[in-house]
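Read off the chains here:
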Amino acid sequence: YTLSSPQHIEENLLNREFWADNVNEKWLTDITEFVYDEDKKLYLCAILDLYDNSIVAYNLATRNDTQLVYDTVEEALSRNPGAQPMIHSDRGFQFTSFGFKKLVEYYELQQSMSRAGNCLDNAPMESFWGKLKSEMYYLKDSYSSYKELIRDIEDYIDFYNNRRLQRKLNAMAPLEYRSIASWFFWGARPPEKQDTNNSLDISSVNLTGCSSLAPIHAQVVFVYWSRTCRMRVFIKWNESTAERAAQ
């Protein structure tokens, strides 16, 4: 690689606030590399949504260039029409290029960058790379073909998004968490008093539009107060619950 001066630098607006109250509020992006057939390289660019840690888009290429990043951002935006998130990256040459700056401005996104030489400013993205490589890539002695490596990366990202449970998401997979959040959301003020067990009586929750779902049959798996003091109650149903509700 040839060292070059950044064409454009942004402040660290994310400032390690690795959470989001809404989908498509904060995205992280980065590029990592894999080796196959002894000395050939494959590059993966991905975008992670801090709301649920899901990978909203990714692209693979044998060239580590700005086009790889442009394609990934445009794919993420095409999958989420109207999204205008903050997008945070490190100071790799792809992200400090004038071309990336123009792309961000064209789609009216807010750009944020890690401080120089500080990978922890993009920690959740680095954590995803660690999971992918330790749980998939490093389990094989080597990859002999391009197709084999691509297949395993695609399979792992599908597994990660749909089946890999996360403690942050209360033992749910990212897209499971996202789907439940989209089904059940009520705005409310927090109660004046809460007991020491942080328990919540949901018998008075208004299930508008969900009259067939009785609160007594619901299994509340996650309750938290957002920074805007809105209550979010995520309810997960199993087969026996659904049967009782139907009786």
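Coordinates for the structure precede this section.
Residues numbered from 1 in each chain as written. Predicted model: local features only at pLDDT ≥ 70, side-chain atom pairs only at ≥ 80, totals over all residues. Heavy atoms only, no water.

Novice: Is there a simple way to explain the side chain of D49 in this structure?
Specialist: Residue position: D49 is located in strand β2 (residues 40-49). Look at D49 and you get buried, because its relative accessible area is 0%. Within the structure, D49 has its side chain in polar contact with the backbone nitrogen of Y51 (distance 2.9 Å). Within the structure, the side chain of D49 is placed 3.0 Å from the side chain of R178, a separation counted as a polar contact. Setting aside residues no more than four positions away along its own chain, D49 makes contact with V23, N24, K26, W27, S54, V56 and R178. (Helix = DSSP H or I, 4+ residues; strand = E, 2+ residues; numbered from the N terminus. Buried < 20%, exposed > 50% of the residue type's maximum accessible area, 1.4 Å probe, protein only. Polar contact = N/O pair within 3.5 Å; in protein donor to acceptor, adjacent residues only side chain to side chain. Contact = heavy atoms within 4.5 Å.)

Novice: Can you walk me through the nonpolar core in this structure?
Specialist: Grouped burial of nonpolar side chains is what soluble globular proteins tend to show. Grouped together as the largest cluster of nonpolar side chains are 33 residues, with contacts concentrated most on L44, L48, I55, F128, L132, L149 and I153. Secondary structure elements with two or more residues in this core: β1 (26-36), β2, β3 (54-61), α3 (123-135), α4 (146-162) and α5 (174-183). Broken down by element, this core gets its largest block of residues, six residues, from α4. Ignoring sequence-local partners within four residues, the contact set of L132 consists of F34, L44, Y137, Y156 and I157. (Core = buried A, V, L, I, M, F, W, Y, C linked by side-chain atoms within 4.5 Å.)

Novice: Whenever I open this one, the pairing of β2 confuses me. Can you help?
Specialist: Looking down a regular strand, the side chains alternate between one sheet face and the other. Of all 10 residues in β2, eight are buried, a share of seventy percent or more. As defined by bridge partners, β1 adjoins β2 across 10 bridges and the pair is classed as antiparallel. Bridged to T29 within β2 is I47. Note that β2 and β3 share seven bridges and pair antiparallel. Considered in β3, the bridge of Y43 is made with A61. The loop that links β2 with its antiparallel partner β3 comprises four residues; one of these, N53, has a positive phi angle of about 65 degrees. (Pairing = 2+ DSSP bridges.)

The values reported here are purely geometric and, on their own, carry no functional implication.
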